[in-house]
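# Examination of the molecular architecture
So the chains spell out like this:
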Amino acid sequence: GRESFLVIMDGLDDSSGEENLSPLQEYEEEEEEIIPNRQEFLEDLLGDDNAEGDEVLDDGVVVEDLFDDDVFAKDYEERGELDEYDPEMLDEGDVRPMTAGERQAADSEIKQRHKKIARQRAKAREQERGSRGGRIPAALLDSDSEMSGEDEGERARKSRRRKEKRSREEGADEATVEEEEEEGYFYADEPVNLEDVKGPLRQWVTLEAPRREIAKQFKKFLKTYAIKGNNIYRARIAAMAAANKESLQVSYLHLSQCEAPMLAVWVADAPTELLDIFDEVAMELVLEMFPLYRDICQEVHVRISDLPIGDSLRDLRQIHLNCLVKVTGVITRRTSVFPQLKYVKFDCVKCKAILGPYYQDTYSGETVKVGMCPQCQSKGPFLVNAEQTVYRNYQRATLQESPGTVPPGRLPRSKELILLWDLIDSARPGEEIEVTGIYRHNFDVSLNRQHGFPVFATVIEANHLNKREDLFASFRLTEDDEREIRKLAKDERVGERIIQSMAPSIYGHTEVKTAIAMSLFGGQAKNVGGDKHRIRGDINVLLLGDPGMAKSQFLKYIEKTAHRAVYTTGQGASAVGLTAAVRMDPVTREWTLEGGALVLADRGICLIDEFDKMNDKDRTSIHEAMEQQSISISKAGIVCSLAARCAV
């Protein structure tokens, strides 16, 4: 029917003066050319109408006897005129193989013919639709047009526009684009409006089309974002590769200023899904610049920094779940580093087949289980394939509120922190850090045993860590800061200015302020004869005076000013609290060392108020730390020495 329709349309378009024949007339004419005496041929082929054994009904219809042997015998008689072919239509000559150019020209001609036929069909459908004043029902459309509700011409125009745009942007091969069109990939690069979110955000961004558009926008951002003509992220990728690292730091403020600012909003609302896309794009870009980088790092992780809104640990609520949060606190405890399963593979014991990989969820607490082997249909047992299973580094730490931020009369709150990949060991106990991470929850068995109803424990999966001293580190100094520092260095009175800037709200006490300034800046440590004899560079200070002479105020000023300071009082401090304690780790159930105030103040200052209220036994315990700058422990089978390089 479609071919007949095309023939009719060709007849309508034919501008020549010849008579237009119907398809049936053309068919009969062609048949007459092939078989000149058609009627005689049919009678000869089908036999006489009134052959012997045929039955004639009342209305004159002849019923042929199909059980007559002569009827079947005629089917196998030789007919020479049907077995002869027109010699003009036969090609008996040798055909040489086609060259690549000839084949390409033939393919191009066939494609042009297909396109012409498609245009004719589209035109015919358009005319029929116009004559009927409506659309063709979907059930009557042919298979080519079932892909969409639009007509062939409109689709061809869209496809042509996409092809031109792609060839401009990426220099794609036109033949490849045409092959994709022939195979039906009409909607692969259909632009997606990212502002038109359909359904829940977390589900929508996992769909193929939005995911592709997000990846495209983020890749464009990494390639083109520049400040004063300098491309920031290409330089950061080069620096990351030079250091063999796997973390690429991306500023949230930069992301909010790009052409697709909704990416910054979404990465705060749906961080798990967006960061997966960002990691893939970052790895692609790194491999474009350094093709062999996968031999060094299997994955590259995007770290989001400069999140504008920060929360305190005691303000985290249900609304923050599965969102990006920024909190500050002090690391009080951290575990050792464990390998954690990411993709698990199993060995079938019976048939030795390798099953997997299966993704291991970090927070469900349930291990992946295989029910049946697809090879031998057995139900086990299955052993974890230790070689092909993919692991990642895993470490838990406890983040506690900073001492200065706890409201009066309250206990400091703490939260579990999970460090993965290269973030492990990036913060030590006692350091004050700023954490950007995903606030998650997981089912806690112990909580439910206590309370008797479903309660979830919450953790923060760290995405980016920033130490407090790093906020004033050299790489964050601007040109204006450097200019100001060099200007101060040339000032002859810089020493007096530093001394006067110590606790400026307290009058006088020049000698005390001088001692505090010297202790804060520190001396120069010396290693005589290699590491055989070490002379400390820290300066210890003892303040003596009557009550009301601002001794405690000086200590409080140092606590606020020094980048790392631990404050304690003599009455509330014991020898164990100042040096180190041995306790059982709740995660691994092993005896572990936990550093005291002097260990936490390593490379900083330890402040002890009311020193005269301490017991003599506790006071003598800090002498080793003040002179040798180490604390030796021999308890519960643990013999070691901890570093306590701090001024007291």
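Residues numbered from 1 in each chain as written. Predicted model: local features only at pLDDT ≥ 70, side-chain atom pairs only at ≥ 80, totals over all residues. Heavy atoms only, no water.

## Details of the overall build of the protein chain
Within the protein chain one finds 22 helices and 22 strands. Residues counted as buried form 32% of the 648 residues belonging to the protein chain. Within the protein chain, residue pairs in contact and separated by at least 24 positions form 61% of the contacts whose partners lie at least 6 positions apart. Here the protein chain has roughly 42000 Å² of accessible surface; of this, 51% comes from carbon and sulfur atoms. (Helix = DSSP H or I, 4+ residues; strand = E, 2+ residues; numbered from the N terminus. Buried < 20%, exposed > 50% of the residue type's maximum accessible area, 1.4 Å probe, protein only. Contact = heavy atoms within 4.5 Å. Areas by Shrake-Rupley, 256 points an atom, 1.4 Å probe, with all protein chains shown as cover.)

## A look at the packing of helix H10 (residues 232-242) against helix H13 (residues 271-289)
The interhelical angle for the contact between H10 and H13, taken along N-to-C directions, is 75°, at an axis separation of 11 Å. It follows from the interaxial angle that H10 and H13 lie roughly perpendicular. Across from Arg234, Ile237 and Met240 in H10, the residues of H13 making contact are Leu285, Val286 and Met289. Split by residue class, the contact of H10 with H13 holds five nonpolar, no polar and one charged. (Axes fitted to C-alpha atoms, helices over the stretch in contact; angles between N-to-C directions. Parallel < 35°, antiparallel > 145°, perpendicular 65-115°, else oblique. Nonpolar A, V, L, I, M, F, W, Y, C, P; charged D, E, K, R; others polar.)

## Some details on unusual backbone geometry
Backbone geometry places Ala550, a non-glycine residue, at a positive phi of 70°. Considering the arrangement of structural elements, one finds Ala550 in the loop between strand S16 (533-535) and helix H18 (551-561). Even without a glycine there, the phi angle at Glu610 is positive, about 55°. With respect to the element layout, Glu610 can be found in the loop between strand S20 (605-609) and helix H21 (616-620).

## Focus: the confidence of the model for the protein chain
On average, residues of the protein chain carry a pLDDT of 76, and 75% of them reach 70 or more. For the stretch residues 143-150, pLDDT sits under 50, and the model shows 17 contacts to residues farther than four places along the chain or on other chains. In this model, residues 171-188 is a region of pLDDT below 50 whose contacts with residues beyond four sequence positions or in other chains number 29 contacts. (pLDDT = per-residue confidence, 0-100.)

## Re a negative patch on the surface
Together, Glu78, Glu81, Asp83 and Glu84 make up a region of like negative charge exposed at the surface. As for its placement among the helices and strands, Glu78 is situated in the loop between helix H4 (69-75) and helix H5 (100-132). Since its relative accessible area comes to 80%, Glu78 is described here as exposed. (Patch = residues over 30% accessible without salt bridge, like charges linked within 9 Å, V, L, I, M, F, W, Y side chains within 5 Å. Salt bridge = Lys/Arg side-chain N within 4 Å of Asp/Glu carboxyl O. Lys, Arg positive; Asp, Glu negative; His and termini not counted. Charge placed at Lys NZ, Arg CZ, Asp CG, Glu CD.)

## Some points on the pattern of salt bridges
One side chain can pair with another of opposite charge once the charged atoms of both are near each other. On inspection of all chains with the given rule, the structure shows 18 salt bridges. With a closest N to O distance of 3.5 Å, Glu284 and Lys219 form a salt bridge. Residue Glu284 is located in helix H13, and its partner Lys219 is located in helix H9 (residues 208-224); the two are separated by 65 residues in the primary sequence. For Glu559, the salt bridge is made with Lys556, and the minimal N-O distance between the two is 3.7 Å. Pair noted here: Glu559 and Lys556 are both in helix H18, with a separation of three residues, about one helical turn. Using a relative accessible area of 19% as the deciding quantity, one classes Glu559 as buried. By relative accessible area, Lys556 is classed as partly exposed at 34%. Linked by salt bridges that have partners in common, Lys219, Lys223, Glu284 and Glu288 make up one network.

## Observations regarding the side chain of His254
Note that His254 resides in helix H11 (residues 252-256). The class for His254 is buried, based on a relative accessible area of 13%. Here Tyr233 takes part through its side chain, which lies 2.9 Å from a polar atom of the side chain of His254. Apart from the residues lying within four places of it in its own chain, the contact partners of His254 are Phe221, Tyr225, Ile227, Ile232, Tyr233 and Arg236. (Polar contact = N/O pair within 3.5 Å; in protein donor to acceptor, adjacent residues only side chain to side chain.)

## So, the packing of H9 against H13
Look at H9 against H13: their axes get within 9 Å of each other, and the N-to-C directions meet at 50°. Taken together, the axes of H9 and H13 lie oblique to each other. Our pair here, H9 against H13, has a crossing hand that is right-handed. Mapping the contact onto sequence places Arg211, Ile214, Ala215, Phe218, Lys219, Leu222 and Lys223 in H9 and Leu274, Ile277, Phe278, Glu280, Val281, Ala282, Glu284, Leu285 and Glu288 in H13. (Left-handed = near helix turned anticlockwise from the far one by under 90°.)

## Observations concerning the nonpolar core
Counting residues in each nonpolar core, the largest one holds 45 residues, and the members touching the most others are Phe218 and Trp266. Every residue in contact with Phe218, bar those within four places of it in the chain, is listed here: Val250, Leu255, Leu263, Phe278, Val281 and Val302. Formed by 19 residues, the second largest nonpolar core is a distinct cluster that contains Ala580, Ala601, Ala625 and Ala644. (Core = buried A, V, L, I, M, F, W, Y, C linked by side-chain atoms within 4.5 Å.)

## Examining the pairing of strand S8 (residues 338-348)
The pairing of S8 with strand S11 (residues 390-400) spans five bridges and is antiparallel. Note that in S11 the partner of Pro339 across the bridge is Asn393. Pairing of S8 with strand S9 (residues 354-359), which is carried by four bridges, proceeds in the antiparallel orientation. Residue pairing in the sheet places Val344 in a bridge with Tyr358 of S9. Counted between consecutive antiparallel strands, the loop separating S8 from S9 contains five residues, among which Lys352 sits at a positive phi close to 65°. (Pairing = 2+ DSSP bridges.)

## Some points on H13
Taking 1.5 Å per residue as the helical rise, H13 with its 19 residues ought to reach 27 Å, and the 26 Å between its terminal C-alpha atoms agrees with that figure. Those residues of H13 not exposed but buried are Pro271, Glu273, Leu274, Leu275, Ile277, Phe278, Asp279, Val281, Ala282, Met283, Leu285 and Val286. (Expected span 1.5 Å × (residues − 1).)

## Observations concerning the packing of aromatic side chains
On inspection of all chains with the given rule, the structure shows six aromatic pairs. A centroid spacing of 3.9 Å and a plane angle of 10° characterise the contact between Phe218 and Phe278, whose relative ring orientation is stacked. Here Phe218, found in helix H9, pairs with Phe278, found in helix H13; they are 60 residues apart in sequence, far enough to count as distant. Taking the relative accessible area as the measure of exposure, Phe218 reaches 0% and is therefore buried. Seen in terms of ring centroids, Phe221 and Tyr225 are 5.4 Å apart; in terms of plane orientation they differ by 50°. Their pairing is tilted. Like Tyr225, Phe221 is buried. Ring pairing ties together the aromatic residues Phe218, Phe221, Tyr225, Tyr233 and Phe278, which thus form one cluster. (Phe/Tyr/Trp six-rings, centres within 6.5 Å; stacked < 30°, edge-to-face > 60°.)

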